[in-house]
Amino acid sequence: MDLQLKGKRAIVTGSTAGIGVGIAQSLAREGVRVAINGRSERRGLEVVEQIRAEGGDAVLALGNVATDEGADAAVAATLAAFGGVDILVNNAGGFAGSGSMTTVFDVTPDEWMRTIDMNVGAAIRMIQRLAPAMKEAGWGRIIQITSGIAMTPSGNTPDYAGAKAALVNLNLGTAKSLANTGVTVNAISPGTIFTRSVRAWFKTIGAREGWGDDMAKSEAWVLENQFPQMVPRIGRVEDIGDAVAYLASPRADFIDGVHLRVDGGASQSIS
Ligand SMILES: NC(=O)c1ccc[n+]([C@@H]2O[C@H](COP(=O)([O-])OP(=O)(O)OC[C@H]3O[C@@H](n4cnc5c(N)ncnc54)[C@H](OP(=O)(O)O)[C@@H]3O)[C@@H](O)[C@H]2O)c1
């Protein structure tokens, strides 16, 4: 299927590592010109070079999207290179608390607010800066990367789970605000995707269980004990990247306001 994406212009927030790199690569392979955003210039340039080496078109758009100045800088660099943005992927996110095992009793109110700003504030800043021109042009795509934990909180990282739930809500609200404009707004919730944080987590499991850095054994342990799935493997960044490419394409014109779980069938409920 030709996704009809050739020549479109995108910015992917948080694309100097992890899932964002997979999204940028999937879009670039479809002929999209991609702005790589993050705070690390070194890692950002590596991603730009990787995409160019594969024949794609990428530029660096540094900036901390959890701040107004950082969002301004990222948008300015993208507009200077491409002259406009057709596709915004709000992927940057994470949590400010002290680790993945925090509960409501560990996360300070200040950390909660910072987590909300990293996930929700960042998306709002980028939407406010880029959606008006998409609306004016009569075509655009805005995609939020949320998390399975948004709909099924585990009790850990409650600030992150709550922020991602707010992002799912913001997604549909923004879609309604942009109804009948040619700009669609959709969200994707990844399940467990093999990134640097998951690699570190697998190493911790391996050390505890006695098989060291054997990632396959940690993967099997997680699927059996922690996150049972219908598809028996951990996700890859390209699983998310390819789903984003489809939703970003003109072929997905009739899909608006959805929240798509790309999680190997890890969902425990129908909503
Ligand atoms: N991995 C998973 O299993 C998983 C599952 C569900 C949802 N998610 C979501 O998917 C997204 C990507 O996660 P990941 O696992 O790929 O994370 P990651 O490997 O930690 O990468 C995060 C990326 O975001 C950038 N970033 C972080 N804060 C930023 C900020 N304030 N401004 C600009 N860039 C920022 C980082 O780059 P710099 O350090 O250069 O700034 C990096 O490029 C996140 O929203 C996460 O919540 C991940």
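Residues numbered from 1 in each chain as written. Predicted model: local features only at pLDDT ≥ 70, side-chain atom pairs only at ≥ 80, totals over all residues.

Visitor: With reference to specific residues and values, describe the overall build of the protein chain.
Guide: Secondary structure summary: the protein chain contains 8 helices and 7 strands in total. Taking 271 residues into account, the globule formula puts the C-alpha radius of gyration at 18 Å, and the protein chain, at 18 Å, falls close to it. Overall size of the protein chain, expressed as C-alpha extent along the three principal axes, is 55 × 40 × 35 Å. Evaluated residue by residue, the protein chain yields a buried proportion of 46% over its 271 residues. Here the contacts in the protein chain between residues at least 6 apart in sequence split such that 71% fall between residues at least 24 apart. (Helix = DSSP H or I, 4+ residues; strand = E, 2+ residues; numbered from the N terminus. Rg over C-alpha atoms; globule rule 2.2 N^0.38 Å. Buried ≥ 20, exposed ≤ 12 C-beta atoms within 10 Å, placed from the backbone. Contact = placed C-beta atoms within 7 Å.)

Visitor: So, the site of the ligand: which residues are in play, and what are the values?
Guide: In the vicinity of the ligand, 30 residues are found, and the nearest of them are Gly14, Gly18, Gly38, Ser40 and Gly93. Of all elements in the fold, only α1 (18-29) and α6 (196-209) reach the threshold of two or more residues within the shell around the ligand. Among the residues making up the shell around the ligand, the classes are represented as 10 nonpolar, 17 polar and 3 charged. (Near = placed C-beta within 6 Å. Nonpolar A, V, L, I, M, F, W, Y, C, P; charged D, E, K, R; others polar.)

Visitor: Describe the sheet that holds strand β7 (residues 259-262), with residues and values.
Guide: Taken in spatial order, the 7 strands line up as β3-β2-β1-β4-β5-β6-β7 in an open sheet, and their pairing is parallel. Strand pairing shows two members of the sheet lacking a second neighbour, β3 (57-60) and β7, which therefore form its edges. The mean angle between the axes of side-by-side strands here comes to 20°, regardless of whether they run parallel or antiparallel. With 4 bridges connecting them, strand β4 (residues 87-90) and strand β5 (residues 140-145) associate as parallel partners. Bridging across to β5, Asn90 finds its partner in Gln144. Against the sheet, helix α5 (residues 158-177) touches β5, β6 (183-190) and β7, its axis set at about 165° to β6. (Pairing = 2+ DSSP bridges. Axes fitted to C-alpha atoms, helices over the stretch in contact; angles between N-to-C directions.)

Visitor: Describe the domain arrangement of the protein chain, and please don't skip the residues or the numbers.
Guide: Think of interface size as the accessible area that goes away when the parts come together; that is how it is often given. Annotation of the protein chain at the domain level lists domain 1 (9-193 + 236-262) and domain 2 (194-234). Between the C-alpha centres of domain 1 and domain 2 there is a distance of 26 Å. Of the residues contributing to the side of domain 1 that touches domain 2, the split by class is 4 nonpolar, 3 polar and 1 charged. (Domains from an automatic or database assignment.)

Visitor: Let's hear about the pairing of β4: which residues, and what values?
Guide: By the alternation rule, side chains of β4 split into Ile87 and Val89 and Leu88 and Asn90, which are all buried. Bridge count for strand β1 (residues 9-12) against β4 is 3 bridges, and the pairing is parallel. Along β4, the bridge assignment pairs Ala10 with Ile87. Once you follow β4 into helix α4 (residues 109-137) and on to β5, the crossover reads as right-handed. (Right-handed = clockwise from strand over helix to strand, strands pointing away.)

Visitor: Quick one: what's the story with unusual backbone geometry, residue by residue and with numbers?
Guide: Phi angles above zero are rare outside glycine, and Gln4 is one such case at about 55°. Since 13 C-beta atoms lie within 10 Å of it, Gln4 is described here as partly exposed. One non-glycine residue, Thr157, lies in positive phi territory at about 40°. Among the structural elements, Thr157 can be located in the loop between β5 and α5. By C-beta crowding, Thr157 is classed as buried, having 25 other C-beta atoms within 10 Å.

Visitor: Talk me through the environment of Val48; I want residue IDs and the actual numbers.
Guide: With respect to the helices, strands and loops of the structure, Val48 is situated in helix α2 (residues 41-53). The exposure class of Val48 is buried, given the 22 C-beta atoms found within 10 Å. Spatially, the C-alpha atom of Val48 lies 21 Å from that of Ile143, the residues being 95 residues apart in sequence. The residues contacting Val48, other than those within four sequence positions of it, are Ile36, Ala58, Val59 and Leu60.

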